[in-house]
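Chain by chain, the residues run as shown.
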Amino acid sequence: MAYTDQPTPDSHVAVLAFPFGTHAAPLLSVTRRLASASPTTLFSFFNTSQSNSSLSLPSDLLPSNVRVHDVSDGVPDGYVFSGRPQEAIELFLAAAPDNFRKEIASAENGAGKKVTCVLTDAFFWFASDMAAEMKATWVAFWTAGPNSLSVHLYTDLIRESARVKDGCMEETLGFISGMEKIRVKDTPEGVVFGNLNSVFSTTLHKMGLALPRAHAVFINSFEELDPTLTTNLKSEFKRYLNIGPLALLLSASQSDTTPVDDPHGCLAWMEKQRTASVAYISFGTVMMPPPGELVAIAEGLESSKVPFVWSLKEKNMVQLPEGFLERTREQGMVVPWAPQVELVKHEATGVFVTHCGWNSVLESVSGGVSMIC
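By convention here, each chain's residues receive numbers from 1 onward along its written sequence. Only residues with pLDDT of 70 or above have their local features reported here, since the model is predicted, and side-chain atom pairs are shown and tallied only from 80 upward, although totals for entire chains, interfaces and linings are computed over all residues. Excluding hydrogens and water, the side-chain values take into account all heavy atoms of the structure.

Undergrad: How do you make sense of the overall build of the protein chain when you look at a structure like this?
TA: Within the protein chain one finds 15 helices and 12 strands. Here the radius of gyration uses the C-alpha set of atoms, whereas the globule reference equals 2.2 Å times the residue count to the power 0.38. Against the globule reference of 21 Å for 373 residues, the protein chain gives a C-alpha radius of gyration of 22 Å, in line with a compact fold. When the backbone C-alpha atoms are referred to their principal axes, the protein chain occupies close to 60 × 60 × 50 Å. Relative accessible area decides the class of each residue, using a 1.4 Å probe on protein chains only: under 20% of the type maximum gives buried, over 50% gives exposed, and in between gives partly exposed. Every one of the 373 residues in the protein chain was classed for burial, and the buried ones make up 47%. For the protein chain, restricting intrachain contacts to residue pairs at least 6 apart in sequence, the fraction spanning at least 24 positions comes to 65%. Accessible areas in this description were obtained via Shrake-Rupley with a 1.4 Å probe; residue shielding takes into account the shown protein chains only. Approximately 18,700 Å² of the protein chain is accessible, and the part contributed by carbon and sulfur atoms is 53%. The distance from the centre of the 28 positive side-chain charges to the centre of the 40 negative ones in the protein chain is 4 Å. In DSSP terms, a helix is any run of H or I states spanning at least four residues, a strand is any run of E spanning at least two, and both are numbered starting from the N terminus. Contacts are residue-level and defined by heavy atoms, with any inter-residue pair within 4.5 Å sufficient. When charges are counted, Lys and Arg are positive and Asp and Glu negative, with His and the chain ends excluded. One atom stands in for each charge, and that atom is NZ of Lys, CZ of Arg, CG of Asp or CD of Glu.

Undergrad: What am I meant to see in the environment of Asp-226 here?
TA: In this fold, Asp-226 is placed in the loop between strand S6 (216-219) and helix H8 (227-236). In this structure Asp-226 comes out as buried when scored by relative accessible area, which is 18%. On a C-alpha basis, the gap between Asp-226 and Ala-162 in space is 25 Å, while along the polypeptide they are 64 residues apart. Leave out the neighbours within four places in its chain, and Asp-226 touches Pro-146 and Asn-147.

Undergrad: Looking at this structure, I do not really get the sheet that holds strand S3 (residues 66-71). What am I missing?
TA: Two pairing modes exist for strands in a sheet, parallel and antiparallel, and in both the strands are linked by backbone hydrogen bonds. One open sheet holds the seven strands; their spatial order is S3-S2-S1-S4-S5-S6-S7, and the pairing between them is parallel. Looking at strand neighbours, the two that pair on one side only are S3 and strand S7 (240-242), the edges of this open sheet. For this sheet the average axis-to-axis angle between neighbouring strands, irrespective of direction, equals 20°. In this analysis, strands are considered paired if DSSP registers two or more bridges between them. The pairing of strand S1 (residues 11-16) with strand S2 (residues 41-48) spans six bridges and is parallel. Across the sheet, Ala-14 pairs through a bridge with Ser-44, a residue of S2. A fitted line through C-alpha atoms represents every axis, and for helices the fit uses only the stretch in contact; the resulting angles, taken between N-to-C directions, go from 0 to 180 degrees.

Undergrad: Got a minute to help me understand the packing of aromatic side chains in this structure?
TA: Note on aromatic pairs: each is described by the distance of the centres and the angle between the planes. Each pair of aromatic rings taken from Phe, Tyr and Trp, with Trp reduced to its six-membered ring, is defined by centres within 6.5 Å and is described as stacked if the planes are under 30 degrees apart, edge-to-face if over 60, and tilted in the remaining cases. All chains considered together, the criterion is met by 20 aromatic pairs. On the basis of an interplanar angle of 75° and a centroid distance of 6.4 Å, the ring pair of Phe-18 and Phe-92 is categorised as edge-to-face. Placement of Phe-18 in the loop between S1 and helix H1 (24-37) and of Phe-92 in helix H3 (residues 87-111) is noted, with a sequence separation of 74 residues between them. The exposure classification of Phe-18 matches that of Phe-92, with both residues buried. Ring geometry for Phe-18 versus Phe-123: centroids 4.8 Å apart, planes at 80°, classification edge-to-face. With Phe-18 in the loop between S1 and H1 and Phe-123 in the loop between strand S4 (117-121) and helix H4 (127-134), this pair connects stretches of sequence that are 105 residues apart. By the burial criterion, Phe-18 is buried, and Phe-123 matches it. Aromatic rings pair up to connect Phe-18, Phe-20, Phe-92, Phe-100, Phe-123, Phe-124, Trp-125, Phe-126, Trp-142 and Phe-200 into one cluster.

Right, dumping it as C-alpha coordinates:
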(Lines give C-alpha, C1' and ligand atoms only; values in the text may rest on other atoms or scores of the structure.)
Protein backbone atom coordinates (compact mmCIF):
# COMPACT_ATOMS: atom_id res chain seq x y z
CA MET A 1 0.00 0.00 0.00
CA ALA A 2 1.49 3.36 -0.98
CA TYR A 3 1.89 5.98 1.68
CA THR A 4 -0.19 8.37 -0.40
CA ASP A 5 -3.21 6.41 0.86
CA GLN A 6 -2.46 7.78 4.35
CA PRO A 7 -2.77 11.32 5.77
CA THR A 8 0.18 13.64 5.11
CA PRO A 9 2.67 13.14 7.96
CA ASP A 10 3.64 15.97 10.29
CA SER A 11 7.30 14.95 10.07
CA HIS A 12 9.47 12.36 8.35
CA VAL A 13 12.24 10.28 9.99
CA ALA A 14 14.70 8.26 7.91
CA VAL A 15 15.93 5.17 9.80
CA LEU A 16 19.18 3.69 8.47
CA ALA A 17 19.94 0.10 9.54
CA PHE A 18 23.24 -1.78 9.52
CA PRO A 19 22.28 -5.08 7.83
CA PHE A 20 24.84 -7.40 9.44
CA GLY A 21 24.86 -9.35 12.70
CA THR A 22 21.99 -8.50 15.03
CA HIS A 23 21.96 -4.74 14.41
CA ALA A 24 18.84 -4.27 12.28
CA ALA A 25 16.36 -6.05 14.56
CA PRO A 26 16.79 -3.84 17.65
CA LEU A 27 16.72 -0.69 15.51
CA LEU A 28 13.43 -1.84 13.97
CA SER A 29 12.08 -2.55 17.45
CA VAL A 30 12.96 0.99 18.52
CA THR A 31 11.36 2.33 15.34
CA ARG A 32 8.13 0.46 16.04
CA ARG A 33 7.99 1.90 19.55
CA LEU A 34 8.64 5.43 18.32
CA ALA A 35 6.06 5.07 15.56
CA SER A 36 3.42 3.92 18.03
CA ALA A 37 4.22 6.87 20.31
CA SER A 38 4.12 9.38 17.43
CA PRO A 39 1.41 8.21 15.01
CA THR A 40 1.54 11.38 12.89
CA THR A 41 5.25 10.93 12.11
CA LEU A 42 6.33 8.86 9.10
CA PHE A 43 9.25 6.49 9.72
CA SER A 44 11.01 5.25 6.59
CA PHE A 45 13.12 2.20 7.50
CA PHE A 46 16.04 1.59 5.10
CA ASN A 47 17.80 -1.77 5.06
CA THR A 48 19.04 -4.32 2.53
CA SER A 49 16.51 -6.69 1.02
CA GLN A 50 18.19 -9.73 2.53
CA SER A 51 18.27 -8.23 6.01
CA ASN A 52 14.68 -7.03 5.76
CA SER A 53 13.62 -10.56 4.81
CA SER A 54 15.48 -12.05 7.78
CA LEU A 55 13.58 -9.81 10.19
CA SER A 56 10.48 -11.93 9.42
CA LEU A 57 8.09 -9.21 10.49
CA PRO A 58 4.67 -9.29 8.75
CA SER A 59 3.63 -5.88 7.50
CA ASP A 60 0.36 -6.12 9.43
CA LEU A 61 2.37 -6.08 12.70
CA LEU A 62 4.07 -2.81 11.78
CA PRO A 63 2.45 0.49 12.75
CA SER A 64 0.82 2.08 9.70
CA ASN A 65 3.29 4.98 9.81
CA VAL A 66 6.34 2.72 9.27
CA ARG A 67 7.42 2.07 5.68
CA VAL A 68 10.15 -0.46 4.94
CA HIS A 69 12.51 0.25 2.01
CA ASP A 70 15.17 -1.94 0.40
CA VAL A 71 18.66 -0.51 -0.11
CA SER A 72 21.33 -2.02 -2.35
CA ASP A 73 23.86 -4.23 -0.58
CA GLY A 74 26.65 -2.59 -2.59
CA VAL A 75 27.69 -5.81 -4.34
CA PRO A 76 28.30 -5.06 -8.06
CA ASP A 77 26.54 -7.22 -10.64
CA GLY A 78 28.57 -10.30 -11.42
CA TYR A 79 30.90 -9.76 -8.48
CA VAL A 80 32.70 -12.91 -7.30
CA PHE A 81 33.55 -12.97 -3.60
CA SER A 82 37.16 -13.81 -2.80
CA GLY A 83 36.45 -15.00 0.73
CA ARG A 84 38.27 -12.07 2.31
CA PRO A 85 37.08 -11.38 5.89
CA GLN A 86 34.45 -8.62 6.12
CA GLU A 87 34.26 -8.43 2.31
CA ALA A 88 30.48 -8.05 2.20
CA ILE A 89 30.60 -5.38 4.91
CA GLU A 90 33.34 -3.53 3.06
CA LEU A 91 31.32 -3.44 -0.18
CA PHE A 92 28.18 -2.33 1.64
CA LEU A 93 29.86 0.49 3.57
CA ALA A 94 31.70 1.81 0.50
CA ALA A 95 28.43 2.23 -1.39
CA ALA A 96 26.17 3.04 1.58
CA PRO A 97 26.27 6.86 1.59
CA ASP A 98 25.20 7.17 -2.06
CA ASN A 99 22.72 4.29 -1.84
CA PHE A 100 21.05 5.71 1.26
CA ARG A 101 20.86 9.20 -0.31
CA LYS A 102 19.18 7.74 -3.39
CA GLU A 103 16.56 5.78 -1.47
CA ILE A 104 15.85 8.62 0.96
CA ALA A 105 15.17 10.95 -1.97
CA SER A 106 12.78 8.37 -3.43
CA ALA A 107 10.97 8.01 -0.09
CA GLU A 108 10.69 11.79 0.25
CA ASN A 109 9.11 12.02 -3.18
CA GLY A 110 6.69 9.22 -2.40
CA ALA A 111 5.63 10.70 0.91
CA GLY A 112 5.60 14.32 -0.22
CA LYS A 113 7.57 15.20 2.89
CA LYS A 114 11.25 16.01 3.41
CA VAL A 115 13.20 14.09 6.04
CA THR A 116 13.75 16.18 9.16
CA CYS A 117 15.56 13.56 11.28
CA VAL A 118 18.05 10.84 10.37
CA LEU A 119 18.03 7.99 12.90
CA THR A 120 20.88 5.57 12.24
CA ASP A 121 22.97 2.73 13.53
CA ALA A 122 25.94 4.44 15.18
CA PHE A 123 28.30 2.70 12.73
CA PHE A 124 27.17 5.18 10.05
CA TRP A 125 29.57 8.02 10.87
CA PHE A 126 28.84 9.54 7.45
CA ALA A 127 25.30 10.31 8.65
CA SER A 128 26.69 13.44 10.31
CA ASP A 129 27.46 15.01 6.92
CA MET A 130 24.35 13.53 5.34
CA ALA A 131 22.07 15.06 7.96
CA ALA A 132 23.81 18.43 7.63
CA GLU A 133 23.24 18.39 3.86
CA MET A 134 19.55 17.63 4.43
CA LYS A 135 19.24 20.23 7.22
CA ALA A 136 18.06 17.38 9.44
CA THR A 137 19.05 16.26 12.93
CA TRP A 138 21.16 13.13 13.39
CA VAL A 139 20.34 10.64 16.14
CA ALA A 140 22.59 7.58 16.55
CA PHE A 141 21.86 4.19 18.13
CA TRP A 142 24.71 2.20 19.67
CA THR A 143 23.36 -1.35 20.00
CA ALA A 144 25.93 -2.49 22.59
CA GLY A 145 26.99 -1.21 26.01
CA PRO A 146 28.80 1.83 27.42
CA ASN A 147 32.23 0.17 27.80
CA SER A 148 32.66 -0.55 24.10
CA LEU A 149 31.19 2.82 23.14
CA SER A 150 33.74 4.54 25.39
CA VAL A 151 36.62 2.60 23.85
CA HIS A 152 35.69 3.76 20.35
CA LEU A 153 35.06 7.32 21.52
CA TYR A 154 38.56 7.48 23.04
CA THR A 155 40.42 5.44 20.42
CA ASP A 156 42.98 8.16 19.67
CA LEU A 157 43.67 8.69 23.37
CA ILE A 158 44.08 4.94 23.99
CA ARG A 159 46.39 4.54 20.98
CA GLU A 160 48.54 7.47 22.06
CA SER A 161 48.84 6.08 25.58
CA ALA A 162 49.72 2.61 24.24
CA ARG A 163 52.45 4.00 21.94
CA VAL A 164 54.46 5.59 24.73
CA LYS A 165 54.57 2.55 27.01
CA ASP A 166 56.41 -0.74 26.61
CA GLY A 167 54.37 -3.76 27.65
CA CYS A 168 51.25 -1.64 27.47
CA MET A 169 48.82 -4.53 26.98
CA GLU A 170 48.52 -5.07 30.75
CA GLU A 171 48.08 -1.34 31.45
CA THR A 172 44.62 -0.21 32.53
CA LEU A 173 42.63 2.63 30.97
CA GLY A 174 42.66 4.64 34.18
CA PHE A 175 42.80 7.89 32.23
CA ILE A 176 39.17 7.31 31.15
CA SER A 177 36.56 7.76 33.86
CA GLY A 178 34.81 4.44 34.50
CA MET A 179 37.41 2.35 32.62
CA GLU A 180 39.92 1.97 35.48
CA LYS A 181 39.66 -1.84 35.52
CA ILE A 182 39.80 -2.32 31.74
CA ARG A 183 43.22 -3.29 30.36
CA VAL A 184 44.52 -2.35 26.92
CA LYS A 185 44.36 -6.02 25.93
CA ASP A 186 40.66 -6.07 26.90
CA THR A 187 39.80 -3.57 24.16
CA PRO A 188 38.26 -4.85 20.92
CA GLU A 189 40.56 -5.90 18.10
CA GLY A 190 41.23 -2.98 15.79
CA VAL A 191 41.61 -0.35 18.52
CA VAL A 192 45.24 -0.95 19.58
CA PHE A 193 46.09 -4.39 18.19
CA GLY A 194 45.06 -6.31 15.09
CA ASN A 195 44.53 -4.75 11.68
CA LEU A 196 44.01 -1.06 12.41
CA ASN A 197 43.33 -0.43 8.70
CA SER A 198 40.51 -2.96 8.35
CA VAL A 199 37.12 -1.70 7.23
CA PHE A 200 35.70 -2.30 10.72
CA SER A 201 38.56 -0.60 12.54
CA THR A 202 38.36 2.43 10.24
CA THR A 203 34.57 2.63 10.51
CA LEU A 204 34.56 2.47 14.30
CA HIS A 205 37.38 5.03 14.56
CA LYS A 206 35.50 7.48 12.33
CA MET A 207 32.32 6.76 14.30
CA GLY A 208 34.02 7.71 17.56
CA LEU A 209 35.14 11.01 16.07
CA ALA A 210 31.71 11.78 14.59
CA LEU A 211 29.32 10.85 17.42
CA PRO A 212 29.89 14.01 19.51
CA ARG A 213 28.27 15.89 16.60
CA ALA A 214 25.06 13.85 16.85
CA HIS A 215 21.95 15.54 18.23
CA ALA A 216 21.56 12.52 20.53
CA VAL A 217 23.18 9.14 21.13
CA PHE A 218 21.17 6.35 22.72
CA ILE A 219 22.16 2.82 23.71
CA ASN A 220 20.61 -0.49 24.72
CA SER A 221 21.51 -0.33 28.40
CA PHE A 222 20.36 1.19 31.71
CA GLU A 223 22.09 3.85 33.78
CA GLU A 224 22.37 1.83 36.99
CA LEU A 225 24.50 -0.80 35.25
CA ASP A 226 27.44 1.62 35.07
CA PRO A 227 26.66 5.07 36.52
CA THR A 228 30.27 6.33 36.24
CA LEU A 229 30.46 5.63 32.51
CA THR A 230 26.98 7.09 32.08
CA THR A 231 28.05 10.34 33.73
CA ASN A 232 31.19 10.55 31.59
CA LEU A 233 29.39 9.82 28.32
CA LYS A 234 26.75 12.43 29.16
CA SER A 235 29.57 14.96 29.31
CA GLU A 236 30.88 13.93 25.87
CA PHE A 237 27.63 13.92 23.88
CA LYS A 238 24.99 16.60 23.31
CA ARG A 239 22.43 14.15 24.64
CA TYR A 240 23.04 10.62 25.89
CA LEU A 241 20.17 8.25 26.65
CA ASN A 242 19.93 4.71 28.05
CA ILE A 243 16.75 3.11 26.69
CA GLY A 244 17.33 -0.56 27.57
CA PRO A 245 17.17 -3.35 28.24
CA LEU A 246 15.26 -3.71 24.98
CA ALA A 247 14.25 -7.26 25.94
CA LEU A 248 12.04 -5.81 28.67
CA LEU A 249 10.61 -3.18 26.33
CA LEU A 250 9.71 -5.84 23.80
CA SER A 251 8.10 -8.04 26.44
CA ALA A 252 6.03 -5.10 27.66
CA SER A 253 4.88 -4.25 24.13
CA GLN A 254 3.74 -7.77 23.24
CA SER A 255 0.17 -8.67 24.01
CA ASP A 256 -0.71 -11.95 25.72
CA THR A 257 -2.36 -13.08 22.50
CA THR A 258 0.74 -12.56 20.35
CA PRO A 259 2.09 -16.05 19.60
CA VAL A 260 5.76 -16.70 20.36
CA ASP A 261 7.76 -17.87 17.36
CA ASP A 262 8.88 -21.32 18.54
CA PRO A 263 9.06 -23.62 15.50
CA HIS A 264 10.92 -26.42 17.30
CA GLY A 265 8.75 -26.63 20.43
CA CYS A 266 11.40 -25.51 22.91
CA LEU A 267 8.96 -23.89 25.31
CA ALA A 268 6.64 -26.90 25.39
CA TRP A 269 9.65 -29.08 26.26
CA MET A 270 10.71 -26.60 28.96
CA GLU A 271 7.33 -26.91 30.66
CA LYS A 272 8.18 -30.54 31.50
CA GLN A 273 11.47 -29.67 33.25
CA ARG A 274 12.17 -28.88 36.90
CA THR A 275 12.75 -25.31 38.08
CA ALA A 276 16.27 -23.99 37.35
CA SER A 277 17.39 -27.36 35.96
CA VAL A 278 18.04 -26.57 32.27
CA ALA A 279 21.22 -25.28 30.63
CA TYR A 280 20.52 -23.05 27.63
CA ILE A 281 23.44 -22.79 25.18
CA SER A 282 23.75 -20.25 22.37
CA PHE A 283 26.66 -18.39 20.81
CA GLY A 284 24.68 -15.85 18.80
CA THR A 285 24.18 -15.49 15.07
CA VAL A 286 27.68 -14.43 13.98
CA MET A 287 30.45 -16.18 15.89
CA MET A 288 30.91 -19.91 16.50
CA PRO A 289 33.45 -21.80 18.62
CA PRO A 290 35.86 -24.01 16.65
CA PRO A 291 34.86 -27.68 16.07
CA GLY A 292 37.01 -28.98 18.94
CA GLU A 293 35.24 -26.74 21.43
CA LEU A 294 31.80 -27.76 20.15
CA VAL A 295 32.79 -31.39 20.71
CA ALA A 296 34.01 -30.61 24.23
CA ILE A 297 30.75 -28.83 25.09
CA ALA A 298 28.72 -31.75 23.74
CA GLU A 299 30.76 -34.28 25.70
CA GLY A 300 30.40 -32.20 28.86
CA LEU A 301 26.65 -31.96 28.44
CA GLU A 302 26.25 -35.66 27.81
CA SER A 303 28.36 -36.76 30.78
CA SER A 304 26.70 -34.26 33.14
CA LYS A 305 23.17 -35.52 32.35
CA VAL A 306 22.00 -31.90 32.72
CA PRO A 307 18.84 -31.13 30.68
CA PHE A 308 19.68 -28.68 27.90
CA VAL A 309 18.45 -26.62 24.97
CA TRP A 310 21.24 -25.86 22.50
CA SER A 311 20.66 -23.34 19.73
CA LEU A 312 23.14 -24.38 17.04
CA LYS A 313 23.13 -23.69 13.30
CA GLU A 314 22.39 -26.76 11.20
CA LYS A 315 25.70 -26.47 9.35
CA ASN A 316 27.52 -26.86 12.69
CA MET A 317 25.53 -29.86 13.89
CA VAL A 318 27.68 -32.15 11.73
CA GLN A 319 30.61 -31.27 14.01
CA LEU A 320 28.95 -32.83 17.06
CA PRO A 321 30.24 -36.24 18.24
CA GLU A 322 28.85 -39.18 16.30
CA GLY A 323 25.64 -40.42 17.90
CA PHE A 324 25.38 -37.44 20.27
CA LEU A 325 21.94 -36.32 19.05
CA GLU A 326 20.53 -39.84 19.35
CA ARG A 327 22.04 -40.53 22.78
CA THR A 328 20.81 -37.25 24.28
CA ARG A 329 17.34 -37.28 22.73
CA GLU A 330 15.70 -37.67 26.16
CA GLN A 331 18.16 -35.38 27.94
CA GLY A 332 17.86 -32.29 25.77
CA MET A 333 17.33 -30.78 22.35
CA VAL A 334 19.59 -29.24 19.70
CA VAL A 335 17.71 -26.80 17.45
CA PRO A 336 18.80 -24.41 14.66
CA TRP A 337 16.91 -21.54 16.31
CA ALA A 338 15.31 -20.93 19.71
CA PRO A 339 13.15 -18.16 21.26
CA GLN A 340 15.99 -16.88 23.45
CA VAL A 341 14.19 -14.08 25.31
CA GLU A 342 11.45 -16.46 26.43
CA LEU A 343 13.94 -19.20 27.32
CA VAL A 344 16.23 -17.10 29.53
CA LYS A 345 13.28 -15.88 31.59
CA HIS A 346 11.65 -19.33 31.86
CA GLU A 347 11.61 -20.71 35.39
CA ALA A 348 13.11 -24.01 34.20
CA THR A 349 16.30 -22.31 32.95
CA GLY A 350 19.15 -22.53 35.45
CA VAL A 351 22.10 -21.23 33.44
CA PHE A 352 22.87 -19.58 30.11
CA VAL A 353 26.09 -20.64 28.34
CA THR A 354 26.82 -17.60 26.17
CA HIS A 355 29.40 -15.87 23.97
CA CYS A 356 28.64 -12.64 25.90
CA GLY A 357 27.10 -10.73 23.03
CA TRP A 358 25.53 -7.60 24.49
CA ASN A 359 21.95 -8.60 23.66
CA SER A 360 22.49 -11.99 25.29
CA VAL A 361 24.02 -10.45 28.43
CA LEU A 362 21.15 -8.00 28.89
CA GLU A 363 18.54 -10.68 28.21
CA SER A 364 20.16 -12.87 30.86
CA VAL A 365 20.32 -10.00 33.34
CA SER A 366 16.67 -9.18 32.62
CA GLY A 367 15.69 -12.82 33.12
CA GLY A 368 17.71 -13.16 36.32
CA VAL A 369 19.67 -16.14 34.93
CA SER A 370 23.30 -16.90 35.76
CA MET A 371 25.77 -17.04 32.88
CA ILE A 372 28.73 -19.24 31.95
CA CYS A 373 30.67 -16.96 29.62
